[in-house]
Amino acid sequence: MRARVRSRATAALLAVLAAVGVVTTASSASAAQPDLVLGSRSAIVAAAKYVVDRKVTYGPKMGFGHSTVGAGPTVKSVTANPAARINWSDGHMDCSALVRYAYSRAGIDLGTGGTASQVGQFEKLAAGVAPLAGDVVFYAVRSKTTGRKEYLDPETGKWWDVYHVAVVDGTGKKYEATTYGKPAAYSTINEATILGYFRLKPEYGVLSGQSWMGQDDVLEAHYVYGDFDGDGAHDVLWFTGRKGDDAGDGYGWQLARGGQSNASFGPFRRVLNSAVTPATSQLAVGDFDGDGADDVLRFTGRTGRGWRLASGGRTDAPGTGIFAEFRRVKNSVLTPTTAELAYGDFDGDGADDVIQFTGKDSSEGGSGWQLARGGRTSSTGATGLGGFRRVKDSAVTPATAELTYGDFNADGADDVLWFTGVTGPASGWQLALGAAATDSGAVRMGEFFRVKNNALTPSTAAMAVGDFNGNGTADVVWFTGEEGASEGDDNGWQVALGRRGATTGDRVFRAFHRGRNVALTPTSAAFAYGDFDGDSADDVLWFTGAAATVAGGNGWQLAPGVDGARVGEMMFGDFVRVGTSARVPIES
């Protein structure tokens, strides 16, 4: 068992340091070492600089200067005693040995493991958390386990294929043992090449200014939105990317529940102890088991692992996990990067489904659009997704056409809306209606028909889809980016309302009208959409990026949809503050 040296155990620490050769009265070289200062980040950086200044080399081959014995340069060769301490002038030190030595000057012994072991003693900083002097940066190669650049095992929380580590000085530079045959170096960090910044776990030692991953330190986060607790109001789910025994606010999946007092959000609390994030896994959100609460579906891309579902659920007990552990719901290797997929309740049975757009219709020998229905019950009684069956003989895909999804006619089944980008009888906005399944389980989606003669598309105009007036139909909001004195169709937020009960051949969308006179757009502001206040009308949530300091200002701002609003009426209320955080979502 490796030693655990805590900064508060001074006597035990000095005994261990003496055992590994760190003394203060030996040679002139050791006397010149940086002072031993317990818990000091400055001491870590000074020690790393000391190694660089003395031009300590990595060694003649990979791993030659590995930290196998003590917190300093050691011999590791077939001709020398691997336990022997050697002088600084002719010693060697690889990357993990440099880090171990640097931390020893702060009174923390990381033990004799290499980089793969050392990474387990550190936690990755969440996106938006600036590294402090004395933190470390790790590097990794493309995963040998999955074949993708996915370093974190989402289920165990362990890192794969990590090969290099360096000490961060807090100014954007690093101290490192670079490679065999080369001396240690000081250089600028290229953030495009790193696995990430990491901070020592508290159980291995506490450093000055530890600032351990509190919520307020995180400026950007991986967020998704949905009604994960099934109470009728949309919530904000934060993937911290960290799994651990600590139940505090920086671990696992954290949920801020919508629809709380004064339409605000509740505090973040952990709802699943998982390290899965959209950065490490391919995820989708929807009510795939049909129980009324949104779930998170993970596509592993691996045979046997398949598609795995963390089911959301209702709970009224603070601190109780809302999500169940991941379980396999379909044995498929398809992922959103290997296949064109979309999600929605296309058969209207209350459970979200997965559509695969194969890109070929029957005339090309293809399979058209294939549907895996959600809410299916297996022979074991578990609820999952069914097998793929063709629901439309079409070659249209999201790669060849601009598509979006929603129940635009309020029949209970989600539809596929295609923005063709041109006007004309067979152009404009085209809609393929979803349809209920037959007794045999077959689903047949309708043929495309024109529902609005308009050339706007999501690539030419900033748009969002949602039921913004709470009448059961999905609408389209166009953010023009301009304010205006008139209520014409070229300023403010313009809304094209969906029409209830429309069928094939009907004009589904009403004319655009101004729903709010504001110039903000998803390009100029970080927006999310959903029924966050629980009144049945979808809202626009704005993450301002500035912490709230006075009532009504900054933080998270909500423009609530107006339940029951009609054409020509104001569709959105004034922005009101519903959260105080400065954190903004990471664009996925």
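Up top is the structure.
In what follows, the accompanying structure is described. Worth saying up front: this structure is predicted, and the values here are computed from it rather than measured. (Residues numbered from 1 in each chain as written. Predicted model: local features only at pLDDT ≥ 70, side-chain atom pairs only at ≥ 80, totals over all residues. Heavy atoms only, no water.)

Taken in spatial order, the 4 strands make up an open sheet running 15-16-17-20, and their pairing is antiparallel. Each having just a single partner strand, strand 15 (340-344) and strand 20 (388-392) make up the two edges of the open sheet. Here the strands of the sheet are splayed against their neighbours by 35° on average, with no regard to which way each runs. Judged from the 4 bridges that link them, strand 17 (residues 369-372) and strand 20 form a sheet pairing that is antiparallel. Within the sheet, the bridge partner assigned to W369 lies in strand 20 and is K392. (Pairing = 2+ DSSP bridges. Helix = DSSP H or I, 4+ residues; strand = E, 2+ residues; numbered from the N terminus. Axes fitted to C-alpha atoms, helices over the stretch in contact; angles between N-to-C directions.)

What follows covers unusual backbone geometry. Phi is positive for A410, which is not a glycine, with a value near 60°. As for its position among the elements, A410 is in the loop between strand 21 (402-406) and strand 22 (415-419). Owing to a relative accessible area of 21%, A410 belongs among the partly exposed residues under this scheme. (Buried < 20%, exposed > 50% of the residue type's maximum accessible area, 1.4 Å probe, protein only.)

L98, Y103, F122, V136, F138 and F198 are the most contacted members of the largest nonpolar core, which totals 39 residues. Residue assignment for this core shows that the elements contributing at least two residues are helix 3 (41-53), helix 4 (95-104), strand 2 (136-140), strand 3 (162-168) and strand 6 (196-200). Those residues in contact with F198 that sit more than four places away from it in its chain are V119, F122, E123, K124, L125, D135, V136, F138 and W159. Core analysis: the next-biggest nonpolar cluster, separate from the first, contains 19 residues, F449, V451, A474 and W478 among them. (Core = buried A, V, L, I, M, F, W, Y, C linked by side-chain atoms within 4.5 Å. Contact = heavy atoms within 4.5 Å.)

One can describe the packing of helix 3 onto helix 4 by two numbers: an axis separation of 7 Å at closest approach and a directional angle of 135°. Considering their axes alone, helix 3 and helix 4 lie oblique with respect to each other. In this structure, helix 3 crosses over helix 4, and the sense of that crossing is right-handed. Along the contact surface, helix 3 presents A43, I44, A47, A48, Y50 and V51, while helix 4 presents L98, Y101, A102 and Y103. For the contact of helix 3 with helix 4, the residue count by class is 10 nonpolar, no polar and no charged. (Parallel < 35°, antiparallel > 145°, perpendicular 65-115°, else oblique. Left-handed = near helix turned anticlockwise from the far one by under 90°. Nonpolar A, V, L, I, M, F, W, Y, C, P; charged D, E, K, R; others polar.)

In this section: the pattern of salt bridges. Scanning the model with the defined rule gives 14 salt bridges in all. Across the pair R390 and D393 runs a salt bridge, and its minimum N-O distance is 3.8 Å. What makes D393 partly exposed here is its relative accessible area of 31%. Taken together, the shared-partner salt bridges in this structure form one network comprising D347, D349, R373 and R376. (Salt bridge = Lys/Arg side-chain N within 4 Å of Asp/Glu carboxyl O.)

Once that is clear, we can look at the environment of S362. Structurally, S362 can be placed in the loop between strand 16 (353-357) and strand 17. With 30 residues separating them in the primary sequence, S362 and K392 have C-alpha atoms 10.0 Å apart. Beyond its immediate chain neighbours, meaning those up to four positions away, S362 contacts R390 and D393. Among the polar contacts listed, one links the side chain of S362 to the side chain of D393, at a separation of 2.5 Å. (Polar contact = N/O pair within 3.5 Å; in protein donor to acceptor, adjacent residues only side chain to side chain.)

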